[in-house]
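Structural overview for review
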Amino acid sequence: MRFSENSLFVAPTPVKLAEELAGWFYSQVFNHSNASKKYYIALSGGTTPVLFFNYLASYYGKYIDWGRIHFFWADERCVPPDDNDSNYKTAFVNLLSKIEIPSAQIHRIRGESDPHKESVRYAEEIMSIVPLEDNVPRFDLILLGMGADGHTASLFPDQAELYDGNKLVAVTINPNTQQQRITLTPWIINRAAKIVFQVTGFAKAGIVGEILQQKPEASQYSASKIKPIHGDMYWFIDAGAAKELFK
Ligand code: 6PG
């Protein structure tokens, strides 16, 4: 895993981090040299991206040609789209409802459907829409968070089968809540062109430090299994999450 200094961005607060990430998103994803390129992006869930979503909508919403973006999700809770737990709802309320994006370019995971059938359907949708490289869908950007237990997307510990084989999408269970989830697998995440972790808070500093310093104990966390095969990875963290990093 390559961590040149330009892969790590540390901001003093979560608000400043959201501003930094929104600016990066605009500059990186919108490669101005190719005005017709479409971008295929998978969003993360949880609460960390809320500030980023709002900042992106408020300050860049009118400057980005959203008609060039297809939004997918890295994972979803198996709940209806109007449930407060829904990652789609979080993105809709804070970003999608505030920008001009064709609804046909919003590819949510249907949390209200049978999880196993939906995991197959979602994988087929990804295969049919995201450009293939060596017959593998390659997202331009996948945005991820990390839980205080070191999980990312809905990849939880002790589900080793997730890390083998070449499945695109899997059904998992959050061991803390027993809630079923649908998630992209490391196999497809690691094939993205750009992977971004956005992590804030002192509670996550220990694991962030272990992963970024490639400590042996980091291997227990699913976030450490995210290693781009032929892309780049970036960590956007705030001072709290960076606390153990510069010891
Ligand atoms: C989810 C997410 C999950 C999340 C982390 C961080 O559906 O819960 O995809 O991987 O990114 O748990 O969550 P917070 O941002 O709420 O801390």
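Heads up: these notes are all about the structure in this document.

What counts, and where the lines are drawn
- Counting restarts for each chain: residues are numbered from 1 in the order of the written sequence.
- Local features in this predicted model are restricted to residues whose pLDDT is 70 or higher, and side-chain atom pairs enter the listing and the counts only when it is 80 or higher, whereas totals over whole chains, interfaces and linings include all residues.
- The basis for the side-chain values is all heavy atoms of the structure; hydrogens and waters are excluded.
- When DSSP finds two or more bridges between two strands, those strands count as paired.
- By definition, any uninterrupted DSSP run of H or I lasting at least four residues is a helix, any uninterrupted run of E lasting at least two residues is a strand, and each is numbered from the N terminus.
- Comment: axis = line fitted to C-alpha atoms, over the contacting stretch for helices; angle = value between 0 and 180 degrees taken between N-to-C directions.
- Nearness of a residue to a molecule or strand requires only that one of the residue's heavy atoms be within 4 Å of it.
- Polar contact criterion, stated in full: a pair of N or O atoms within 3.5 Å, where within protein one must be able to donate a hydrogen and the other to accept it, and residues adjacent in sequence count only if both atoms are side-chain atoms.
- Methods summary: accessible areas were calculated by the Shrake-Rupley approach with a probe of 1.4 Å, and residue burial reflects only the protein chains presented.
- Only protein chains enter the calculation, and the probe is 1.4 Å; a residue is then buried if its accessible area is under 20% of its type maximum, exposed if over 50%, and partly exposed in between.
- Should any heavy atoms of two residues lie within 4.5 Å, those residues are counted as being in contact.
- The rule for a salt bridge is simple: a side-chain nitrogen of Lys or Arg has to be within 4 Å of a carboxyl oxygen of Asp or Glu.
- One less than the number of residues in a helix, times 1.5 Å, gives the span that helix is expected to have.
- Each direction from the helix axis to a C-beta atom contributes to the arc, which is the arc of those directions.
- Nonpolar core, defined: a set of buried Ala, Val, Leu, Ile, Met, Phe, Trp, Tyr and Cys residues in which side-chain atoms within 4.5 Å join the residues together.
- Here a crossing is called left-handed whenever its near helix is offset anticlockwise from the far helix by less than a right angle, and right-handed whenever the offset is clockwise.
- Any residue that is not Ala, Val, Leu, Ile, Met, Phe, Trp, Tyr, Cys, Pro, Asp, Glu, Lys or Arg is counted as polar, Gly included; the first ten are nonpolar and the last four charged.

1. Looking at the sheet that holds strand β2 (residues 39-43)
Overall, parallel pairing links the 6 strands, which are arranged β1-β11-β10-β7-β2-β3 in an open sheet. Only two strands of the sheet have a single partner each, and these edge strands are β1 (8-11) and β3 (69-73). Adjacent strand axes in the sheet meet at a mean angle of 15°, parallel and antiparallel pairs treated alike. Across 2 bridges, the pairing between β2 and strand β7 (residues 141-144) is parallel. Within β7, the position partnered with A42 by the bridge is I142.

2. A closer look at the site of the ligand
Around the ligand sit 15 residues in total, of which T47, T48, D75, A153 and K204 are the nearest. Between the ligand and the protein, one listed contact pairs an oxygen atom with a side-chain N or O atom of T48 at 2.5 Å. At 2.7 Å from an oxygen atom of the ligand is found a side-chain nitrogen or oxygen belonging to D75. In isolation the ligand has 410 Å² of accessible area, and contact with the protein removes 88% of it.

3. Concerning the side chain of T152
The topology assignment puts T152 in the loop between β7 and β8 (169-173). Accessibility expressed as a relative area gives 0% for T152, which makes it buried. Once residues within four sequence positions are removed from consideration, T152 is found in contact with L144, G145, F197, S222, A223 and I226.

4. Looking at the pattern of salt bridges
All told, the structure shown has 8 salt bridges when counted by the stated rule. When salt bridges with common partners are traced through the structure, they connect E118, R121 and E125 into a single cluster.

5. Here we look at helix α1 (residues 14-29)
For α1, which comprises 16 residues, the first-to-last C-alpha distance of 21 Å matches the rise-based estimate of 22 Å (1.5 Å per residue) to within 8%. Those residues of α1 that fall on the buried side of the exposure criterion are L17, A18, L21, A22, W24, F25 and V29. Seen from one end, α1 has its buried residues packed into an arc of 165°, which puts them on one side.

6. Digging into the nonpolar core
The biggest cluster of nonpolar side chains holds 76 residues, and the ones touching the most others in it are F25, F71, F139, L184, I189 and W235. No other element matches the 7 residues that α1 contributes to this core. For F139, the contacting residues outside a window of four places in its chain are Y40, I41, A42, F72, I126, V130, L184, I188, A192 and A193.

7. Let's talk about the packing of helix α2 (residues 49-60) against helix α3 (residues 87-94)
A pair of packed helices can be characterised by two numbers: the angle between their axes and the separation between those axes. The N-to-C vectors of α2 and α3 enclose an angle of 35°; their axes lie 8 Å apart at closest approach. At the point where α2 passes α3, the crossing takes the right-handed sense. Along the contact surface, α2 presents V50, F53, N54 and A57, while α3 presents T90, A91 and N94. When its residues are assigned to classes, the contact of α2 with α3 shows 4 nonpolar, 3 polar and no charged.

8. Observations regarding the sheet that holds strand β4 (residues 75-77)
Here we have 3 strands laid out as an open sheet, ordered β4-β9-β8, and antiparallel in their pairing. If you trace the sheet from one side to the other, it starts and ends with β4 and β8, each paired once. Recorded for the sheet is a direction-independent mean angle of 20° between the axes of neighbouring strands. In this sheet, strand β9 (residues 180-184) lies alongside β4 in antiparallel orientation, the contact comprising 3 bridges. Looking at β9, one finds that D75 is bridged to T183.

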